[in-house]
Structure formats: C-alpha cells, structure tokens
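Fold and contact review
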Amino acid sequence: MESNEREIPVLYLVVPCYNEEEIIEKTAQVMSDKLRRLINEGKIKSGSKVMFVNDGSRDNTLKLLHQISKTDVIFSVISLAGNYGHQSAILAGMMMARKYADIVVTIDADLQQDIEALDKFIDSYMNGSEIVYGVRNDRHSDGFFKKSTATAYYKLMHLLGSNVITNHADYRLMSQKALNALAEYQETNLFLRGLIPTMGFPSDVVYFDVKEREAGHSKYTLSKMLTLAMDGITSMSVRPLRMIAGLGFIVSLFSIAMCIFSLVDWAGGNTVPGYTTSIIVSLMMGGITLFSLGILGEYIGKIYMETKKRPRYIIDTFVWKDEKEDS
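Residues numbered from 1 in each chain as written. Predicted model: local features only at pLDDT ≥ 70, side-chain atom pairs only at ≥ 80, totals over all residues. Heavy atoms only, no water.

Turning next to the packing of aromatic side chains. Under the criterion given, the structure shown has six aromatic pairs. Relative to Tyr 100, the ring of Tyr 12 has its centre 6.1 Å away and its plane inclined at 10 degrees; by these criteria the two rings are stacked. Taken together, the positions of Tyr 12 in strand 1 (residues 11-17) and Tyr 100 in the loop between helix 4 (86-97) and strand 4 (103-106) put the pair 88 residues apart, joining distant regions of the chain. Residue classification places Tyr 12 among the buried positions, given a relative accessible area of 1%. Ring centres of Phe 121 and Tyr 171 lie 4.9 Å apart, and the angle between their planes is 35 degrees; on these two criteria the pair is classed as tilted. With Phe 121 in helix 5 (residues 118-126) and Tyr 171 in strand 6 (residues 168-175), this pair connects stretches of sequence that are 50 residues apart. (Phe/Tyr/Trp six-rings, centres within 6.5 Å; stacked < 30°, edge-to-face > 60°. Helix = DSSP H or I, 4+ residues; strand = E, 2+ residues; numbered from the N terminus. Buried < 20%, exposed > 50% of the residue type's maximum accessible area, 1.4 Å probe, protein only.)

If you want it as structure tokens, here you go:
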C-alpha cells in the first residue's frame, strides 16, 4: 500500500493576507500552536512552517508579519509587490512552499476554516491522496444573500460543465507532486477551484465546520465575488458560447415563423398596425444581441490577457529562516 511507503511529511501552511492587522497576531499563535502539536504527535516533521503571503495590504499587516517572523523560525513571509488578488496570492505561496515542503495546505487568515481539520487532511494524504479538498458542512454562518447566491453559483457552474466542488473555498492540501504539476499550468486568469479538480490526481474530501469571524471583516466584497464568479465561468467552460449559438438558432426560427405569419396575414387582407409588436421584438433582439456581445467580450478579454504573458504575481520580499540558523 502507498500509505505504508509514505514518510512523515513536512507541512507548510500557506496563508494569504490582505488587510488583516486586527487578527493576524492571533492567527499566527493559533497556527503555530497547531503545527507544534502535530509535530509532537509525530504527524508532521520538524521544519514545518506557516508561510504568510501579504497581498499588497494597505494597513499594518506586513509590519506585523515581519515582527512575527522575528519571534519564531516557524514563520515565513512572502510580500507581493502589489495587490494581485486572492488566487494569485495563494499560487505564489504554493509555488514557493513546494521547494521546501512535502505537502502544502492553503487556509485563510481569518480563522473561520477549522484548523483542527488538518489531522484529517494529513491522514488522507498518508492514505494515498495527492489532493484533499476542505468542504464546509453548511453555510449557517453566512447571511441570506450570500447563502442563496453561493447556492445558485455552484448550480450554475455545474450546469455549465465545471468540475468545481460545492462549498469548497481554497482550503485544500496538495502534495509536492500535485504542486509540481500545477506549476506547468500557465494561465494568467486563475481560478484554482475549477482548475485543480481537472488535474486527475487521487483526491479526497474532508468536511469541516465554519466558525464565526473573530475580528475584522471579510475582504471579499460583492464586486470581488462577482469577478471570481465570472472568472470561474469563463475560465472553465465554453458552454456560454454554445448557449449563444443555440439562442441565435431559436431566435432565427422564431423570426422565420413571424415572417410566415405576417405574410399569411397580409395575403388575407388583414392590416394590423403592429406598433407594439415591433417595439417588443426590437427591444428583445437588441437585449439578446448586447447580452451575447457581453459574453463574447469576456472571452475575448481573457484571450487578450493570456496573450500578454504578464507575470501572475511579483514577489517583493521573502523572509525564510532555517531552524539551524535559529539555533
């Protein structure tokens, strides 16, 4: 069995941070305590670390992270040159951590994702999984609007053919093998929740409860959620383009039927003014045309950004210390 062949791994927690000054010190304490418990229990090796990724924070987050990194060798800090977004920050951390770790777990800085689920993540890895997805048990901590829109979003993604996992939000374990494979993907438009499930490695799911946020507020504004949703749809599926073609075919059939009806009506000597009908048809066709052009524009924009080959992130500073240096 592969589980018997696997050695105890070195674990890196990758924690993206954006304006988290209110909670970052507590986050560091909770995560370092958890890592040390896992080390003492023999589940992970000494040398495991918490790797914070500062995604262009505008408050004192970076200053606090540098202070934290000086107190304990278990902490490492990557600071990006600007605000590249949650997905790019996660990718930057994973790509750096794979150089040192056997397994990497991405987790948010707000402590809402249950860190105690790490034991199950590691157990699944030891049993042969290369990727383990953290899936929340329910959405009781969300408001009505977020809960209803999230449910509709996942249903829409599945309808459009995406393999995105329902209620999974970037709390996942990836082995070094899986991370090396992910490094081969060169998309500028990142949607890791949809991309990683397509890789094909043995995977598993760990369910966890979501806690209330202890400090600060969510950095995922409505506009950011809509952007992520649009990226997920246009990055992982071409079905909207096929839907446009199908809609165009249906409208064409409707137009032909209306032409035949009008000719028959004219031949029968019926003169109908038809003002209302003309307005309705014109508005409907104009709306469909603009909506279709908007979808096409999203795909063309994605192609445009991909052809530029711009870096997905730029690292400004990197703080990392070997345990031997600290001894």
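What follows continues from the structure just given.
Those residues of helix 3 (residues 61-71) not exposed but buried are Thr 61, Leu 64, Leu 65, Ile 68 and Ser 69. Down the axis of helix 3, the smallest arc covering the buried residues is 140 degrees, so these residues share one side. Opposite the buried face of helix 3, at more than 90 degrees from it, the exposed residues are Lys 63 and Lys 70. (Arc of directions from axis to C-beta.)

Quick look at the pattern of salt bridges now. Evaluated as defined, the whole model comprises 11 salt bridges. Notably, a salt bridge pairs Glu 116 with Arg 37, separated by 2.9 Å at the nearest N-O pair. One end of the pair, Glu 116, is in the loop between strand 4 and helix 5; the other, Arg 37, is in helix 2 (residues 24-40), with 79 residues separating them in the sequence. With a relative accessible area of 39%, Glu 116 lands in the partly exposed category. Among the ionic pairs, Arg 172 bridges to Asp 170, the shortest N-O distance being 2.6 Å. Taking the relative accessible area as the measure of exposure, Arg 172 reaches 1% and is therefore buried. Classification of Asp 170 by relative accessible area gives buried; the value is 1%. Connected via shared salt-bridge partners are Lys 34, Arg 37, Lys 43, Glu 116 and Asp 119. (Salt bridge = Lys/Arg side-chain N within 4 Å of Asp/Glu carboxyl O.)

Soluble globular proteins tend to pack their nonpolar side chains together in the buried interior. Formed by 35 residues in total, the largest nonpolar core has its most connected members in Leu 11, Leu 13, Val 15 and Phe 52. The contact partners of Leu 11, leaving out residues within four places of it in the chain, are Leu 35, Leu 38, Ile 44, Ser 48, Lys 49, Ile 103, Val 105 and Ile 122. (Core = buried A, V, L, I, M, F, W, Y, C linked by side-chain atoms within 4.5 Å. Contact = heavy atoms within 4.5 Å.)

Before going further, it helps to examine the sheet that holds strand 1. The strands that make up a sheet pair up through hydrogen bonds in the backbone, lying either parallel or antiparallel. Spatial strand order, 7-5-6-4-1-2-3-8: eight strands in an open sheet with mixed pairing. Where the open sheet ends on each side, the last strands, each with one partner, are strand 7 (203-208) and strand 8 (315-319). Across this sheet, the average inter-strand angle for adjacent strands is 20 degrees, counted without regard to direction. Note that strand 3 (residues 75-80) and strand 8 share four bridges and pair antiparallel. What sits directly across from Val 77, in strand 8, is Val 319. Packed onto the sheet, helix 5 meets strand 1, strand 4, strand 5 (131-136), strand 6 and strand 7 and runs at close to 45 degrees relative to strand 6. (Pairing = 2+ DSSP bridges. Axes fitted to C-alpha atoms, helices over the stretch in contact; angles between N-to-C directions.)

Time to look at unusual backbone geometry. You will see that Asn 167, though not glycine, has its phi angle at about 65 degrees, which is positive. The backbone of Asp 170 sits at a positive phi, close to 65 degrees, despite the residue not being glycine. Its location among the elements puts Asp 170 in strand 6.

Turning our attention to the environment of Leu 64. Position of Leu 64 among the secondary structure elements: in helix 3. For Leu 64, a relative accessible area of 14% corresponds to the buried category. Spatially, the C-alpha atoms of Leu 64 and Ile 24 are 7.7 Å apart, while their sequence positions differ by 40 residues. Not counting residues up to four positions away in its chain, the partners in contact with Leu 64 are Glu 21, Ile 24 and Glu 25.

With that settled, the discussion passes to helix 2. Side chains of residues three or four places apart in an α-helix project in the same direction, reflecting 3.6 residues per turn. The end-to-end C-alpha distance of helix 2, which contains 17 residues, comes to 24 Å, matching closely the 24 Å that a straight helix rising 1.5 Å per residue would cover. Within helix 2, the full set of buried residues consists of Ile 24, Thr 27, Ala 28, Met 31, Ser 32, Lys 34, Leu 35 and Leu 38. Buried residues in helix 2, looked at end-on, bunch into an arc of 160 degrees, giving them a common side. In this fold, the buried residues of helix 2 make contact with strand 1, strand 2 (49-54), helix 3, strand 3 and helix 5. Downstream of helix 2 by one or two residues, Gly 42 has phi in the positive range, about 80 degrees. (Expected span 1.5 Å × (residues − 1).)

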